[in-house]
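Descriptive structure summary
One letter stands for each residue in the lines below.
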Amino acid sequence: MSTQRRWIGYPLKRKEDLRFIKGKGLFIDDISLPNMVYASIVRSPYAHAVVSSIDTSRAERMGARVFTWEEIVEETHPLGENSWLGHPADKIKDYIVASGKARFQGEPVALVVSESMGGAKDAAEMVEVDYDPLKPLVDPEKALDDRTTLIHKEMGTNVAWHRLFKFGDVDEAFAAADLVVRDRFHFHRFTSAPLETSGVVATYDKHTDTFTIWSNNQRPGFCGTFVGRALGTTPDRIRFVVPDIGGGFGNKTNTYPYLALIAYAAKKTGRPVKWIEERREHLASGVAGNEVISYAELALKSNGRILGFRQKLIADEGAYMRREPLGILNMNTRVAATVYDVKGYQTEVFCVLTNKAPISPNRSYGKMQQAWTVERLVNQAARKIGVDPLEIRLMNVIRPEQMPYTTPTGAVHDGGNYVGMLNKAKSLIDYEEWRRVQKQLRQQGRYVGIGIGIGMDANPANMSIFRLVNPHAGISGDTEAALIEINDRGGILAATGSVPQGQGHETTIAQIIADEFGVNPENVTVLPRFDTLTHPHTSYSGTYASRFSVMSLGAVKQAVDKLKDKILKIAAHFLEVNKADLEIRDGGVYVKGTDRHMTLGEVAWKAWRDVGHLPEGMEPGLRVETVYKPNYAEPEPNGRGNYSLTYPVSVNIAVVEVDPETGALNILKYVAVDDPGVIINPLIAEGQIHGAWLHQYAGAMYEKMIYDDSGQLLTSTFMDYLAPTAADVPGSDKVKFELFITPSLFSAYGSRGVGEGGGAPLSALANAVEDALGQPVNHAFLTPESIYRSVRIK
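What you are looking at is a predicted structure, and each value in this text was computed from that prediction instead of being measured.

What counts, and at which threshold
Residues numbered from 1 in each chain as written. Predicted model: local features only at pLDDT ≥ 70, side-chain atom pairs only at ≥ 80, totals over all residues. Heavy atoms only, no water. Helix = DSSP H or I, 4+ residues; strand = E, 2+ residues; numbered from the N terminus. Salt bridge = Lys/Arg side-chain N within 4 Å of Asp/Glu carboxyl O. Buried < 20%, exposed > 50% of the residue type's maximum accessible area, 1.4 Å probe, protein only. Pairing = 2+ DSSP bridges. Contact = heavy atoms within 4.5 Å. Axes fitted to C-alpha atoms, helices over the stretch in contact; angles between N-to-C directions. Polar contact = N/O pair within 3.5 Å; in protein donor to acceptor, adjacent residues only side chain to side chain.

**Let's talk about unusual backbone geometry**
H87 connects to P88 through a cis peptide bond whose omega is 0 degrees. Position of P88 relative to the elements: it lies in the loop between α3 (69-75) and β4 (101-102). Despite not being glycine, R529 shows a phi value in the positive range, around 60 degrees. Looking at where R529 falls in the secondary structure, it is placed in the loop between β21 (524-526) and β22 (530-531). Even without being glycine, D586 reaches a positive phi, approximately 50 degrees. On the secondary structure map, D586 appears in the loop between β23 (582-585) and β24 (588-591).

**As for the pattern of salt bridges**
Under the criterion given, the structure shown has 52 salt bridges. Close ionic contact of D94 with R322 constitutes a salt bridge, the shortest N to O distance being 2.7 Å. Highlighted residues: D94 in the loop between α3 and β4 and R322 in the loop between β14 (306-316) and α10 (326-334), separated in sequence by 228 residues. The burial state of D94 is the same as that of R322; both residues are buried. A salt bridge links D316 to K356; the nearest nitrogen and oxygen atoms lie 2.8 Å apart. Taken as a pair, D316 in strand β14 and K356 in the loop between β15 (344-352) and α11 (367-385) lie far apart in primary sequence, 40 residues in all. Both residues of the pair, D316 and K356, count as buried.

**Overview of the pairing of strand β2 (residues 49-55)**
Sheet analysis places β2 next to β4, joined by two bridges and oriented antiparallel. Of the residues in β4, the one forming a bridge with V50 is K101. Taken together, the six bridges between β2 and strand β6 (residues 128-133) define a ladder with antiparallel strand orientation. If you follow V50 over to β6, its bridge partner there is D132.

**Some details on the sheet that holds strand β11 (residues 238-242)**
Reading across the sheet, the eight strands line up as β3-β5-β1-β12-β9-β10-β11-β22 and stay open at both edges, with mixed pairing between neighbours. Unpaired on one side and paired on the other, β3 (65-68) and β22 mark the two borders of the sheet. Bridge count for strand β9 (residues 199-205) against strand β12 (residues 273-276) is four bridges, and the pairing is antiparallel. Across the sheet, the residue bridging to G199 is I276, located in β12. Against the sheet, helix α7 (residues 220-231) makes contact with β10 (210-215), β11 and β22, and its axis sits at roughly 140 degrees relative to β11, the strand it touches most. Strands β1 (37-43), β3, β5 (108-114), β9, β10, β11 and β12 of the sheet are contacted by helix α8 (residues 256-269), whose axis makes an angle of about 40 degrees with β9.

**Let's talk about the side chain of S541**
By secondary structure assignment, the location of S541 is in the loop between β22 and α16 (548-575). Here S541 falls in the buried class, since its relative accessible area comes to 0%. Only 2.8 Å separates the side chain of S541 from the backbone nitrogen of T538, close enough to count as a polar contact. Here S541 is in contact with R219, P220, G221, F222, E480, G497 and R547, once residues within four sequence places are set aside.

See the structure below:
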């Protein structure tokens, strides 16, 4: 009988923390190469302007090398991410710098290279650029209909993509409704503001015509294609190395234009080139999540039963379609109705270009926006009908006995108990007692509100979703790679194509492999960081969309199973028993019911060293490299399909008080209940859940990217963009986190993605403010000023 510890579910301290605690982490700014030079980017101060001339003479007299947009565009190629979008977006020529016209404040117009970082920055200030300013467009609703001011003239419109989604019996649902609740909602831009900004170090070897690119990009599998296109080469000639990353949260997936730009400079100078992004650059011209305007409506019966949902959705995409409209597709397929049992769903989508920085993935990409809109409508419906907000949700959420549940859009929920989660949150917050207290305090003139928010994420991403934009895109499914090797001393080496940014992948993988082979995690070495020369990878490799717990661990499980099969065959051969009579446990292969065994080290010695006595026809070695592909069903022609494997849910209830004199919002009590499926490491999962909650709490209370009418970002430093610190967040005396675990029906270990949250805090807080004031809240941003200005307190 096995005596081994079960490592899955054990709160093992992170293996990788030791190097960080000792200051031995290797981050992008730690990389220094011989003969290296430094780059600084000259950026447009205008949101919309023709670049009429550039004078580089003063910078060149300082010893700097300057590459203007004309030279760069002449010698590179468009990134090509628009080619699959179809008309009219395929007309966009998206280069790694502005191509004659700046389309957002901060767009690169020239690159300066010098012997020191300070020298490069000083020389960049000496580059004189003349601009002919053009009328900027910053309002997506105005840009939607504007035919005179065009972000990309060759498109002939500012609408890059438009589609009507219609799933289920929408018309019937609204025809049968006793009540239709409708409103206009605005979800603002905010970013993740990782502690470490983006950076690139690149070299070029002219003898082999190959590039080496070090960067803290989260998604190197994708980057090979886009960077290769821009540089006129192929991915096999680009080595990507990803060191330790100081936070990503989606913001570091779309940095590929900078990877190509610095690689271009390395080729032109013949020297290693380094560029580190400044915080102002990151905020002004980096990335932010989807900003959307929704004209949404909900069809209901008089008792509160929800029948259908439809909306007109206007998405502000910024100046280019980089990775978009994936976030908008997330809203309208994977999490369209979130946790609710509805019969019909319809959305008309307009992806509109404006003179703002391009949109990028940002924690719970596209999902928090949809959850917020749905939850706001459900809350308004409860108020109009006179039903308690908790009761209307309990009435309409998908029941446990309906799992696996298929939504009108084709999403297949992988288990879960949403009723149980709501009831647990209700109990933890002491819901009835707070309703009683609320009435008492209202009589005293105090404005206390209770808000419920349900967030849903979806992971990983089935890339067939791109076929909704272009059926001929030639993209589908998802893949990830894993490698496991047992050496002739019995040590275990493992690697995947994941790119961790603090999620503890080295620890998690070691725990799983330790469980599978009955060893201690200390006996498992997981390759840190990422390198295309040493790590198994695919065209989709990386860490984004909370894919690790499904894709990377799915690949690990597939590699484990293949390696176990070979181990059992070798052991059966040498122990002279049938393979079916063996089991792997306690670091060895045992004949079932006996102590007769071979250690894994002994089996590995035979596989690597005693190869002449292996079973006939068997390949030597104990090493498996494999590519995992989930079995997604083919989407229907109308786009209906399942575009994820797992759908993690978070239920939040907030009790707040609003000061009627100032609009200030005070958290009185808060509960968050999450279902991440089977937890591999509770310590790591807890940190991920806390981080997701804080990010979306901050998105509601502190963080917003504010542009003026000229397209200037007014929140371009941390003096203006209010990323909260620990001192700004309610403590554990007010906020409580709990789990309600149901295993995923479709992932290898029953786990789901964790760490994105699905936007529940934004919904819970908005609904609580509405409950306190008795008036609709139509904006996701809830600062005292916004509450005071937008809501007239009776």
